[in-house]
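# Per-entry structural report
Read off the chains here:
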Amino acid sequence: MRFQARNRHVIDLIFPIALFFVFAVSALSILILAADTYASTTGQLRINDENRTALSYITEKIRQNDTRGAVYVSSIDGIDCLAMSYDYNEVPCTTYIYEYKGMLKELFINDGVTVSLENGRNIMELAALSIEQPEEHLFRLTATDSKGNKSSLIASERSVP
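Attention here is on the structure that accompanies the text.

Cut-offs used in this document
Residues numbered from 1 in each chain as written. Predicted model: local features only at pLDDT ≥ 70, side-chain atom pairs only at ≥ 80, totals over all residues. Heavy atoms only, no water. Helix = DSSP H or I, 4+ residues; strand = E, 2+ residues; numbered from the N terminus. Buried < 20%, exposed > 50% of the residue type's maximum accessible area, 1.4 Å probe, protein only. Polar contact = N/O pair within 3.5 Å; in protein donor to acceptor, adjacent residues only side chain to side chain. Contact = heavy atoms within 4.5 Å. Core = buried A, V, L, I, M, F, W, Y, C linked by side-chain atoms within 4.5 Å. Lys, Arg positive; Asp, Glu negative; His and termini not counted. Salt bridge = Lys/Arg side-chain N within 4 Å of Asp/Glu carboxyl O.

Secondary-structure assignment places threonine 94 in strand β3 (residues 91-100). Taking the relative accessible area as the measure of exposure, threonine 94 reaches 2% and is therefore buried. Side chain to side chain, threonine 94 and aspartate 111 meet in a polar contact 2.5 Å long. The contacts of threonine 94, once residues within four sequence positions are left out, are Tyr72, Ala83, Met84, Ser85, Leu107, Phe108, Ile109 and Asp111.

Written out as structure tokens, the structure reads:
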């Protein structure tokens, strides 16, 4: 019995190589598109997270110190600060939250002591913070990150008389 020799053509070699090349290019392009989408999504989340974290921190401080008239806006050395007054171990104290030299800062100080904004504790990086009080117990907070992205929040005292 004789086996017939099979005639091989060039197409028998080129077709599998071309098919592999098409699959490889498709997989690579999908991988590149997915990496780009992931990078842009995580970038947006990071931007939103920076501003929202700062605003959430300030809002939580307002909630912690929410007693009748204890939270107000104060200007120190031309910088608007959110001031929260209360008694700590029967000593009148004030906590100031503000932006100073690219940092969100918090300063806890006894009343009657000279306030120096550079002595505040660094909370996080923040390019700018705008604190306004459009109504008596209402605060408008606007945080700006290092890339110029802004987030705003309106918070109110709940212990309004």
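One finds Ile58, Ile62, Leu82, Leu104 and Leu129 to be the most contacted residues of the largest nonpolar core, which totals 17 residues. Counting only elements with at least two residues in this core, the list comes to α1 (11-64), β2 (79-88), β6 (128-135) and β7 (138-144). Looking at this core, the element that brings in the most residues is α1, giving four residues. Setting aside residues no more than four positions away along its own chain, leucine 104 makes contact with Ala54, Tyr57, Ile58, Ile97, Tyr98, Glu99, Arg121, Asn122, Ile123, Met124, Leu126 and Leu129.

The next subject is the side chain of lysine 105. Residue placement: lysine 105 occurs in strand β4 (residues 103-110). Summary of buried charges: lysine 105 has no salt-bridge partner, and the nearest side chain of opposite charge, glutamate 118, is 7.8 Å away. Of note is the side chain of lysine 105, whose polar atom sits 2.9 Å from the side chain of asparagine 122. Beyond its immediate sequence surroundings of up to four residues, lysine 105 is in contact with Tyr96, Ile97, Tyr98, Tyr100, Leu117, Glu118, Gly120, Arg121, Asn122 and Ile123.

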